[in-house]
Amino acid sequence: MINVGFIGCGAMGRDHVRRITDKCGNAQVVGVYDTVLGNAKQAIEDNRLDATIYDSADALIDDPNVDAVVIASRNDVHLDPLLHTIAIGKPTFTEKPMTINGSDSWKVVEAEVANGRKTIQVGFNWRFDPGYDAMKTFVGDGQIGALLMAGMRHYNAQASTSYYGTDNVINDTLIHNFDMLHYMFDGDITSVEMKFARMNTLNPNGESLREPQLAIVEFSDGALATAEANVNCQYGYDIQCRLVGESGIIRRVRHHLAAGCRHAGGAQGRSDQPRDLVRLVRPIHRGIRPRVRPVLREYRGRPAAGRQGGDRVGRLCGERGCRRRAGQPAARRAHPRDAHRGTGSI
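Residues numbered from 1 in each chain as written. Predicted model: local features only at pLDDT ≥ 70, side-chain atom pairs only at ≥ 80, totals over all residues. Heavy atoms only, no water.

Novice: Hey, could you run me through the environment of Trp-126 in this one?
Specialist: Within the fold, Trp-126 resides in the loop between strand S6 (120-122) and helix H6 (130-140). Taking the C-alpha atoms as reference, Trp-126 lies 7.1 Å from His-176; in sequence the two are 50 residues apart. Here Trp-126 is in contact with Tyr-132, Met-152, His-154, His-176, Asn-177, Met-180, Tyr-237 and Ile-239, once residues within four sequence places are set aside. (Helix = DSSP H or I, 4+ residues; strand = E, 2+ residues; numbered from the N terminus. Contact = heavy atoms within 4.5 Å.)

Have a look at this one:
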């Protein structure tokens, strides 16, 4: 059994405590530390732990009863615990970002190299996502040729904390996208240009958080990528990625769907064949297909004149503005702007 100590017991830290307690049969949380004592107590109470609350991060790290450390504290206090665990050789998982700037990150890298062993793992969980894993497989197999461009979207309903600011858009949000771009593309990132979009009036953090933001990324081999970050989109968690290759496109839509690949050529790779859509597991389709198939069978079995509003397909087409029904143009639905431009049929 691996004894794990936690530094940082905020919302993310407590979530990790729960995962280790509920999901990991060979690990247990034996100690916690947080600058806010109430957070540490809540982590223990919520998970019914028999764990020690430490007075400092150093005390937790130095305890020989703690085999491994998880750092889930604020970004700006990662450095010292990381250097400490490297010095004594204690395996450590740290939430991203590893540190808040390049110079501090180099200190961690240099300390680990000097110590002669890998001690630190950074929480870039997207590399273990089934959708991105499928995309990596498509790219690695050369099914769409060399990558030319990419477009990514990282949207959240609201900022994760009240102190989430402009810098956090890169350090907490887009850092995942930068990691995946580095993972997918062969070339190194040579430049990143950041642009601010019009401010979202629904942003509760005000001027301290300038977003949405757009990153324009250039690679050493000439490839380009864009990554959008919108942390106050209101409607939910929306993660998307599109990779453009020499002979096709791979797309990942929403966080719960796997990847699809659209590429030129058939089984023999002939470029004059129609484009094929290769879909991997798309769980949402499992619930839709049983309802759609009977409707399609009914539709196919009727003559053209019978495909009207009386059957289910006809109703769907009629109510949703299908262009043709029973061989005739469908009337266009009214729109508020019609008063200004007149009405008519399509």
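Novice: Can you help me understand the side chain of Glu-95 in this one?
Specialist: Note that Glu-95 resides in the loop between strand S5 (92-94) and helix H5 (102-115). A polar contact is formed between the side chain of Glu-95 and the side chain of His-16, at a distance of 2.7 Å. Among residues more than four places away in sequence, those in contact with Glu-95 are Met-12, His-16, Ile-71, Ala-72, His-78 and Gly-123. (Polar contact = N/O pair within 3.5 Å; in protein donor to acceptor, adjacent residues only side chain to side chain.)

Novice: Sorry if this is basic, but what is going on with the pairing of strand S2 (residues 27-33) here?
Specialist: Side chains on a regular strand alternate between the two faces of the sheet. The element S2 is largely enclosed, with a buried count of 6 among its 7 residues. Pairing analysis gives 6 bridges linking strand S1 (residues 2-7) to S2, with the strands arranged parallel. Residue pairing in the sheet places Phe-6 in a bridge with Val-32 of S2. Regarding topology, helix H1 (residues 11-23) serves as the crossover connection from S1 to the parallel S2, and that connection is right-handed. Sheet topology places S2 next to strand S3 (residues 52-53); 2 bridges connect them, and they run parallel. Bridged to Gly-31 within S3 is Thr-52. (Buried < 20%, exposed > 50% of the residue type's maximum accessible area, 1.4 Å probe, protein only. Pairing = 2+ DSSP bridges. Right-handed = clockwise from strand over helix to strand, strands pointing away.)

Novice: Would you take a moment to explain the sheet that holds S1 for this structure?
Specialist: Either a parallel or an antiparallel arrangement is found when strands of a sheet pair, and the pairing is made through backbone hydrogen bonds. Sheet architecture is open: 6 strands sit in the order S3-S2-S1-S4-S5-S6, paired in parallel fashion. A strand with exactly one partner marks an edge of an open sheet, and here the two such strands are S3 and S6. Relative to S6, S5 runs parallel, the two sharing 3 bridges. For Thr-92, the partnering residue across the bridge sits in S6 and is Ile-120.

Novice: In this structure, what is going on with the nonpolar core? I would like to understand it.
Specialist: Nonpolar side chains tend toward joint burial in soluble globular proteins. Ranked by size, the top nonpolar core spans 31 residues in total, and within it Tyr-132, Met-152, Leu-181, Met-184, Phe-185 and Leu-243 carry the most contacts. Of all the secondary structure elements, the ones that give two or more residues to this core are H6, strand S7 (147-155), helix H7 (168-184), strand S9 (213-219), strand S10 (224-230) and strand S11 (238-245). If you tally residues by element for this core, the top one is H7, at 6 residues. In terms of nonpolar packing, the next biggest core, distinct from the first, is built from 16 residues, Val-30, Tyr-33, Leu-60 and Val-108 among them. (Core = buried A, V, L, I, M, F, W, Y, C linked by side-chain atoms within 4.5 Å.)

Novice: Mind showing me how you'd approach the pattern of salt bridges here?
Specialist: Close approach of charged atoms allows side chains of opposite charge to pair. Under the counting rule described, the total for this entry stands at 8 salt bridges. Because the salt bridges share partners, they merge into one network encompassing Asp-15, Arg-18 and Arg-19. (Salt bridge = Lys/Arg side-chain N within 4 Å of Asp/Glu carboxyl O.)

Novice: What's the story with the side chain of Ser-105 in this structure? I'm lost.
Specialist: When you line up the elements, Ser-105 lands in helix H5. With residues up to four places along the chain from it excluded, the contact list for Ser-105 reads Met-98 and Thr-99.

Novice: Any chance you could explain H5 here in plain terms?
Specialist: Turn by turn, an α-helix covers 3.6 residues, leaving residues three or four places apart pointing in a common direction. Taking 1.5 Å as the rise per residue, H5 with 14 residues should run 20 Å; its terminal C-alpha atoms sit 20 Å apart, in good agreement. Turning to H5, its buried residues are Asp-104, Ser-105, Val-108 and Glu-112. Seen end-on, H5 carries its buried residues on one side only, within an arc spanning 105°. In H5, those exposed residues whose orientation departs by more than 90 degrees from the buried face are Trp-106, Glu-110, Val-113 and Ala-114. (Expected span 1.5 Å × (residues − 1). Arc of directions from axis to C-beta.)

Novice: When you look at the packing of aromatic side chains in this model, what are you seeing that I'm missing?
Specialist: By convention here, two paired aromatic rings are described through the distance between centres and the angle between planes. Here the structure, examined in full by the defined rule, presents 3 aromatic pairs. Here the aromatic rings of Tyr-155 and Tyr-235 are separated by 6.5 Å at their centres, their planes lie at 65°, and the arrangement is edge-to-face. Of this pair, Tyr-155 sits in strand S7 while Tyr-235 is found in the loop between S10 and S11, placing the two residues 80 residues apart along the sequence. Overall, Tyr-235 belongs to the partly exposed group, its relative accessible area being 47%. A centroid spacing of 4.3 Å and a plane angle of 10° characterise the contact between Phe-185 and Phe-219, whose relative ring orientation is stacked. Of this pair, Phe-185 sits in the loop between H7 and strand S8 (189-196) while Phe-219 sits in strand S9; the two residues are 34 residues apart in sequence, bridging distant segments of the chain. For Phe-219, a relative accessible area of 4% puts it in the buried group. Taking NZ or CZ as reference, Lys-136 lies 4.6 Å from the ring centre of Tyr-183, over its face. (Phe/Tyr/Trp six-rings, centres within 6.5 Å; stacked < 30°, edge-to-face > 60°. Lys NZ or Arg CZ within 6 Å of the ring centre and 35° of its normal.)

Novice: So what exactly am I meant to see when it comes to a nonpolar patch on the surface here?
Specialist: Nonpolar side chains collect at one region of the surface, where Trp-106, Val-109 and Val-113 lie side by side and expose about 330 Å² of accessible area between them. Within the secondary structure, Val-113 is located in helix H5. Exposure remark for Val-113: the relative accessible area of 63% places this residue in the exposed category. (Patch = residues over 30% accessible without salt bridge, like charges linked within 9 Å, V, L, I, M, F, W, Y side chains within 5 Å. Areas by Shrake-Rupley, 256 points an atom, 1.4 Å probe, with all protein chains shown as cover.)

Novice: Would you mind showing me how to read the packing of H1 against helix H2 (residues 37-47) here?
Specialist: Helices that pack against each other are described as a pair by the angle of their axes relative to one another and the distance between those axes. It is at 10 Å that the axes of H1 and H2 come closest, and there the two elements cross at 30°. Compared by their axis directions, H1 and H2 come out roughly parallel. Once H1 is placed against H2, the crossing between them reads as right-handed. Residues Arg-14, Val-17, Arg-18 and Thr-21 of H1 form the contact with H2, whose own contacting residues are Asn-39, Gln-42, Ala-43, Asp-46 and Asn-47. Among the residues making up the contact of H1 with H2, the classes are represented as 2 nonpolar, 4 polar and 3 charged. (Axes fitted to C-alpha atoms, helices over the stretch in contact; angles between N-to-C directions. Parallel < 35°, antiparallel > 145°, perpendicular 65-115°, else oblique. Left-handed = near helix turned anticlockwise from the far one by under 90°. Nonpolar A, V, L, I, M, F, W, Y, C, P; charged D, E, K, R; others polar.)

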